[in-house]
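Topology and contacts: notes
Listed here are the chains, written in short residue letters.
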Amino acid sequence: MDPLEMLECSPPLTREPLNAEQAAGVARVFKALGDPVRLRILSIVASRAGGEVCVCDITGAFELSQPTISHHLKVLKEVGLLTSQRRASWVYYRLVPETLGELSTLLTLSTTTAQAAAL
């Protein structure tokens, strides 16, 4: 099962424990986010007006080779954080808001849980 599907069926951590398969899928997404270059790439895409960025703009933001940037983009796509579209000779990247929403939901504490933790 792909990581995005794992997130869709994963309950908030405070409601019930994740099973082993869910935890493995969610861990892949967090592992992808654990790399500073990939986190910066995600930030570049997320902060761009219009919500999409040409690969040429991403590559120009780093002192890394194009193959290295391509690898990081591939990882982000594999875990469902980015999607891409080829237009002529350029590829444009967009966030997948559903994946970020699912991560947010997974980590959200309910008011009751937060209050209980504070006691």
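Since the structure is predicted, the reported quantities are computational estimates derived from the model, not experimental observations.

Take the side chain of H72 next. By the secondary structure assignment, H72 is in helix α5 (residues 66-78). Among the residues examined, H72 registers a relative accessible area of 8% and is labelled buried.

Let's shift gears to the sheet that holds strand β3 (residues 90-95). Pairing in this open sheet of three strands is antiparallel, and the strands run β1-β3-β2 from one edge to the other. Both outer strands of the open sheet, β1 (52-54) and β2 (82-87), are each paired with one neighbouring strand and no more. Sheet twist, expressed as the average angle between the axes of neighbouring strands with direction ignored, equals 25°. Relative to β3, β1 is paired through three bridges, and the arrangement is antiparallel.

Another point: the environment of L18. Within the secondary structure, L18 is located in the loop between α1 (3-8) and α2 (20-33). As a C-alpha pair, L18 and L106 span 88 residues in sequence and 10.0 Å in three-dimensional space.

Here is what the cut-offs are and how they apply
- Each chain carries its own residue numbering, running from 1 in the written order of its sequence.
- Where totals are concerned, whole chains, interfaces and linings use all residues; where local detail is concerned, this predicted model gives features only for residues with pLDDT of at least 70, and gives and counts side-chain atom pairs only at 80 or more.
- By convention in this description, side-chain values take in all heavy atoms of the structure and omit both hydrogens and water.
- A run of H or I in DSSP counts as a helix once it spans at least four residues, and a run of E counts as a strand once it spans at least two, with each numbered from the N terminus.
- Relative accessibility decides the category of a residue: with a 1.4 Å probe and only protein chains considered, values under 20% of the type maximum give buried, values over 50% give exposed, and everything between is partly exposed.
- Strand pairing is assigned whenever DSSP detects at least two bridges linking the two strands.
- Inter-axis angles, ranging from 0 to 180 degrees, are taken between N-to-C directions of lines fitted to C-alpha atoms, where helices are fitted over the stretch in contact.

By themselves, these observations are geometric and do not establish any function.
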